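Observations on the model geometry
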Amino acid sequence: MVSVHTSPLAQPGTGDAGGMNVYVLNTARELARAGVEVEIFTRATSSDEAPTVEAEPGVLVHHVPAGPFEGLSKNDLPTQLCAFTGGLLRAEAHRRPGHYDLIHAHYWLSGQAGWVAAERWGVPLVQTFHTLAKVKNAGLAEGDSPEPYTRVIGEEQVVSEADLLIANTAAEAAELQGHYGAPEGRIAVVHPGVDLGVFRPGDRTAAREALNLPQGALVVAFVGRIQPAKAPDVLLRGLARLREQDPELSEKIVPVFVGGPSNTDPYWLPRLAWELGLGDTVQWRSPRSGEALAQVYRAADVVAVPSHNESFGLVALEAQATGTPVVAAKVGGLPTAVAEGRSGLLVDSHSADDWADALRKILGDTSLRADLAGNARTHAALFSWRETATGIRSSYRRAAESHATGRLQSAC
Ligand code: UDP
């Protein structure tokens, strides 16, 4: 696997680390359990990292030197692709010939590096984009900068070079076809999963105690990278509007934001909270993982996912796995991650009025919340990383077959 811009060992929920890191680590773990040896190549970002680390049994992470450890943003990384790809090719040169059977690249930058390596080694290239520039630009948050045209070109190249594209949902498959002209026959839809062992229902009282949150409150949680694309500001504006409309209900609401800044001014959201008159009610918590994160979901009455675009939305699934309903924007993969009206509500807009309506509906109605909570775990249980890995393995087989056919045709 190639994951140039972010390591599966990084803490998700801040900087550039998010769902892709969780995806790469969990699918690698499940692939290894199924007997596939996985080596993940990522750019070295610290002198403290050993060149190679065993992340899980059967999963190695290689840190490839390419540019300085610190000070490069994701947007600078195209300048380091040559150095990274060189490192990738050099690593293989130290192995016995034919060591790698297939390359699975994550995000377009990795697709560029994987494209060269796959061609050199004569192996298939499988690509998962995680996000697409054209899709992001079509639903851009106010004030957010559009993805550069050079990324669009890079994605188009990877679409045409990869043997198989893995889309998280049918919606993403349609985007690959509609925006990038990807042929349907070269796309496999494989849903991401959730760790149902970590994210399981539990005692809300204990969870609130652990997080020092009031027992009688209505807790609305936002979990993820704090950046305009994730629209935490939409949640704040919805809560501010609700406070104007229903002060009595709002009195009981405690919004909790868990995550760290991601290429944004760290004061952007706290400043907005104060401007909207919510500064004294919002609770800010640092990013966390595993049981500590499961406690956040359990402590919440509702988890909000207001994103402007989302190729899937792991947070929505994790929240439901703990039995907590979700209010999410009706974009991208979220209608797959949330069963509309059964395990959560979907809002087809990012306006403060619509978010205030949805929040009032779910927070003001205990029995609706209980119904949604009752179905949330059942819906989440439809997904698992093991299933994802099974889908990925059959995609690898498909890619290998079409790669072999392609080679045969070009030999003729
Ligand atoms: N996450 C985490 N700790 C945090 C906040 C987020 O581990 O404090 C993880 C979260 O569990 C989820 C991922 O980051 O698995 C975010 O994935 P999602 O698909 O929701 O959004 P993305 O980051 O891919 O845009």
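Summary of the structure given here. Source: prediction; values computed, not measured.

Turning to the overall build of the protein, a few remarks are in order. Along the backbone of the protein there are 16 helices and 13 strands. Against the globule reference of 22 Å for 412 residues, the protein gives a C-alpha radius of gyration of 22 Å, in line with a compact fold. Dimensions of the protein, computed from the C-alpha atoms along their principal axes, are close to 75 × 40 × 40 Å. Within the protein, buried positions represent 55% of all 412 residues. Carbon and sulfur atoms make up 51% of the accessible area of the protein, which amounts to about 17,300 Å² in all.

This paragraph deals with the sheet that holds strand S4 (residues 103-106). On the basis of which strands lie adjacent, the open sheet formed by four strands has the order S4-S5-S6-S7 and parallel pairing. The open sheet has two free edges, formed respectively by S4 and strand S7 (187-189), since each of these has just one partner strand. Ignoring strand direction, the axes of neighbouring strands in this sheet form an average angle of 25°. In this structure, S4 lies alongside strand S5 (residues 125-128), joined through four bridges in parallel fashion. Within the sheet, the bridge partner assigned to His104 lies in S5 and is Val126. This element, helix H6 (residues 170-180), spans strand S6 (164-167) and S7 of the sheet and lies at about 165° to S7.

Right, let's talk about unusual backbone geometry for a bit. Unlike most non-glycine residues, Asn212 shows phi in positive territory, near 60°. Secondary-structure assignment places Asn212 in the loop between helix H7 (204-211) and strand S8 (218-223). On the basis of relative accessibility, which here comes to 65%, the residue Asn212 falls in the exposed class. Here the phi dihedral of Ala231 falls at roughly 55°; this positive angle occurs in a residue that is not glycine. Note that Ala231 resides in the loop between S8 and helix H8 (232-245). In this structure Ala231 comes out as buried when scored by relative accessible area, which is 0%.

Calculation rules
- Residues numbered from 1 in each chain as written.
- Predicted model: local features only at pLDDT ≥ 70, side-chain atom pairs only at ≥ 80, totals over all residues.
- Heavy atoms only, no water.
- Helix = DSSP H or I, 4+ residues; strand = E, 2+ residues; numbered from the N terminus.
- Rg over C-alpha atoms; globule rule 2.2 N^0.38 Å.
- Buried < 20%, exposed > 50% of the residue type's maximum accessible area, 1.4 Å probe, protein only.
- Areas by Shrake-Rupley, 256 points an atom, 1.4 Å probe, with all protein chains shown as cover.
- Pairing = 2+ DSSP bridges.
- Axes fitted to C-alpha atoms, helices over the stretch in contact; angles between N-to-C directions.
- Contact = heavy atoms within 4.5 Å.

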